[in-house]
Amino acid sequence: MALAEEMHRLAKLAVLQYTPVVENIISIKSRDVHHIEHILYGLLDYCFCDSMVELFRSLCRHYYFIDPSAAASYVLGYREMWDSEEQKEPSAS
């Protein structure tokens, strides 16, 4: 239980630190691929937190207009790390 509480505390802190960085990248329409990818990679560690998932999605949408293929690879990385097996399997019709 203590570990879970600590993870959520760290995630909240990460959201506070990453929010202005992501907002700045988007607001200045940054095309610095290395910086954007570095931030996306860092965000992935905390995508168990809904607020971080929203930041990740926002930055992926921004990155998509720069490099659609790379943005898609980050989305796939997210899915591999955080989607449950039930969400990955197609539903039986």
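As the structure is a computational prediction, the values presented were derived from the model and not from experiment.

Rules and cut-offs
Residues numbered from 1 in each chain as written. Predicted model: local features only at pLDDT ≥ 70, side-chain atom pairs only at ≥ 80, totals over all residues. Heavy atoms only, no water. Helix = DSSP H or I, 4+ residues; strand = E, 2+ residues; numbered from the N terminus. Buried < 20%, exposed > 50% of the residue type's maximum accessible area, 1.4 Å probe, protein only. Areas by Shrake-Rupley, 256 points an atom, 1.4 Å probe, with all protein chains shown as cover. Disulfide = S-S within 2.5 Å. Patch = residues over 30% accessible without salt bridge, like charges linked within 9 Å, V, L, I, M, F, W, Y side chains within 5 Å. Salt bridge = Lys/Arg side-chain N within 4 Å of Asp/Glu carboxyl O. Expected span 1.5 Å × (residues − 1). Arc of directions from axis to C-beta.

Student: Would you mind going over the overall build of the chain with me for this structure?
Tutor: Counting its regular elements, the chain contains five helices and zero strands. The secondary structure elements of the chain, listed N-terminal to C-terminal, are α-α-α-α-α. Within the chain, the fraction of its 93 residues that count as buried is 28%. As displayed, the chain offers around 6,500 Å² of accessible surface, 56% of which is attributable to carbon and sulfur atoms.

Student: Is there a simple way to think about the state of the cysteines in this case?
Tutor: Cysteine pairs can be covalently joined through their sulfur atoms, and such a bond is termed a disulfide. Tallying each qualifying case throughout the model produces zero disulfides. Unpaired in this structure, C47 has its nearest cysteine sulfur neighbour in C60, at a distance of 8.3 Å. A relative accessible area of 4% means that C47 is categorised as buried. In this model C49 remains outside any disulfide bridge; the closest cysteine sulfur is found in C47, 8.6 Å from its own.

Student: Explain unusual backbone geometry to me, please; I cannot follow it from the model alone.
Tutor: A negative phi angle characterises most non-glycine residues, just as the trans form characterises most peptide bonds. Notably, K29 is not glycine yet its phi reads approximately 55 degrees, a positive angle. Positionally, K29 belongs in the loop between α1 (2–27) and α2 (33–44). Using a relative accessible area of 63% as the deciding quantity, one classes K29 as exposed.

Student: I would appreciate a short explanation of a nonpolar patch on the surface in the present structure.
Tutor: Side chains of L10, L13 and L16 sit close together on the surface and give an oily, nonpolar patch of about 270 Å² of accessible area. Looking at the element boundaries, L13 is found in helix α1.

Student: Please clarify how helix α4 (residues 68–82) should be interpreted in this entry.
Tutor: An α-helix turns once per 3.6 residues; consequently, residues spaced three or four apart project the same way. The first and last C-alpha atoms of α4 sit 21 Å apart over 15 residues, in line with the 21 Å expected at 1.5 Å per residue. Buried within α4 are the following residues: A70, A71, Y74 and Y78. Buried residues along α4 cover an arc of 105 degrees about the axis, so they all sit on one side. Residues of α4 that are exposed and angled more than 90 degrees away from the buried face: S69 and E80.

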